[in-house]
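# Architecture and fold: a report
Each chain, letter by letter, is given below.
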Protein chains: 2
Amino acid sequence: MPIKKQDATRALELLEEYHRQLNSPADIQLRSAIERVIKIFKSKLFNALLEIQEFYEATLLDDSKSTEQKTLETMKVAERWSNSQGLAGPGGLAAASLARLAQL
Amino acid sequence: MPIKKQDATRALELLEEYHRQLNSPADIQLRSAIERVIKIFKSKLFNALLEIQEFYEATLLDDSKSTEQKTLETMKVAERWSNSQGLAGPGGLAAASLARLAQL
C-alpha cells in the first residue's frame, strides 16, 4: 500500500487505535511492545519540543540580546537541526523515509 | 526562567506566535531564520510519523505475519528508536534536555 502524505499525520493515532484493540490474552506481548514504541515516540517528541522551548526562552525572549544576535543564534539552531538525524536515527527507515519525503 | 513540563507541549505554538508578531522591516532576517527552524522541526516530525506509518503498515497490518513475528519486529523498532538520537541530534541541547526530562 503506498503511503499517502495525509495519512502520515494520523500515524500515531492509528497506532494507538490498533493498540487499544489488542484485548486478547494472546496479544499481551505485542500490546506491550507497541506501548513501548508509542512511549518512545512521545518522549522524543516531547524532548524536541523542550529544545524549542529552551531556544525560545534563551534566545528570543532575552531582551538583552539584539535582533542581530537573536538572528545569528536562530540560524545556528536551524543549521544544527538540519544537519542532525531524524527521530529514528541511524540504521532505521530514515533514509527511505527521507527519500520518499523529498518526492512529496 | 525554569522550564515547566506543561509549557513544552506549547513550545512550537509559542514560536509560531512569536514569528507572527515580527512585522517590522528590521526583523525580516530574524523572521526568516525562525521560519527555517519551524520548517525543519515540522519536516522532522513528519518524517518520524512517516516511519511510524511504515512500521504500522509493513508489520502490524500484514496478515501474513504471526503475532510472534509482529511482536519481534515491534520490539526491534522500539530498540532502534530508543538507541537513536533525539530530533536535535549531536551537539545540540539534547543532552541537557534529556537530563532535564529524566527529572520530570
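Source: prediction; values computed, not measured.

Definitions and limits used
Residues numbered from 1 in each chain as written. Chains lettered and ligands numbered in written order. Predicted model: local features only at pLDDT ≥ 70, side-chain atom pairs only at ≥ 80, totals over all residues. Heavy atoms only, no water. Helix = DSSP H or I, 4+ residues; strand = E, 2+ residues; numbered from the N terminus. Buried < 20%, exposed > 50% of the residue type's maximum accessible area, 1.4 Å probe, protein only. Contact = heavy atoms within 4.5 Å. Areas by Shrake-Rupley, 256 points an atom, 1.4 Å probe, with all protein chains shown as cover. Arc of directions from axis to C-beta. Axes fitted to C-alpha atoms, helices over the stretch in contact; angles between N-to-C directions. Parallel < 35°, antiparallel > 145°, perpendicular 65-115°, else oblique. Left-handed = near helix turned anticlockwise from the far one by under 90°. Nonpolar A, V, L, I, M, F, W, Y, C, P; charged D, E, K, R; others polar. Salt bridge = Lys/Arg side-chain N within 4 Å of Asp/Glu carboxyl O. pLDDT = per-residue confidence, 0-100.

### So, the overall build of chain A
A tally of regular secondary structure across chain A gives 5 helices and 0 strands. Listed N to C, the secondary structure of chain A is α-α-α-α-α in terms of helices and strands. Expressed as a percentage of its 104 residues, the buried residues of chain A come to 45%. Within chain A, contacts between residues separated by at least 24 positions form 29% of all contacts whose residues are at least 6 apart in sequence. Accessible area of chain A: about 5,700 Å², with a carbon and sulfur share of 53%.

### Topic: helix H2 (residues 11–20) of chain B
By the burial criterion, the buried members of H2 of chain B are Ala11, Leu12, Leu14, Leu15, Tyr18 and His19 of chain B. What you see down the axis of H2 of chain B is that its buried residues fit within an arc of 160°, all on one side.

### A look at the packing of helix H2 (residues 11–20) of chain A against helix H3 (residues 28–60) of chain A
Residues and elements named next belong to chain A. Viewed as axis vectors pointing N to C, H2 and H3 meet at an angle of 155°, and their least axial separation amounts to 10 Å. By the angle between their axes, H2 is roughly antiparallel relative to H3. The chirality of how H2 crosses H3 is left-handed. Judged by residue contacts, Leu12, Leu15, Glu16, Tyr18, His19 and Arg20 of H2 engage Leu30, Arg31, Ile34, Glu35, Val37, Ile38, Phe41 and Lys42 from H3. For the contact of H2 with H3, the class distribution of residues is 8 nonpolar, 1 polar and 5 charged.

### A look at the pattern of salt bridges
Residues and elements named next belong to chain A. For the structure on display, the rule yields 11 salt bridges over all chains. Between Arg31 and Glu35 there is a salt bridge, with its nearest N and O atoms 3.9 Å apart. With Arg31 and Glu35 both in helix H3 and 4 residues apart, this pair spans about one turn of that helix. What makes Glu35 partly exposed here is its relative accessible area of 39%.

### Side note on the confidence of the model for chain A
Residues and elements named next belong to chain A. Per-residue confidence for chain A gives a mean pLDDT of 82; residues scoring 70 or more make up 75%. Every residue in residues 88–104 is under pLDDT 50, and counting partners more than four places away or in other chains gives 29 contacts. Two numbers describe this predicted complex: its pTM, 0.76, and its ipTM, 0.76.

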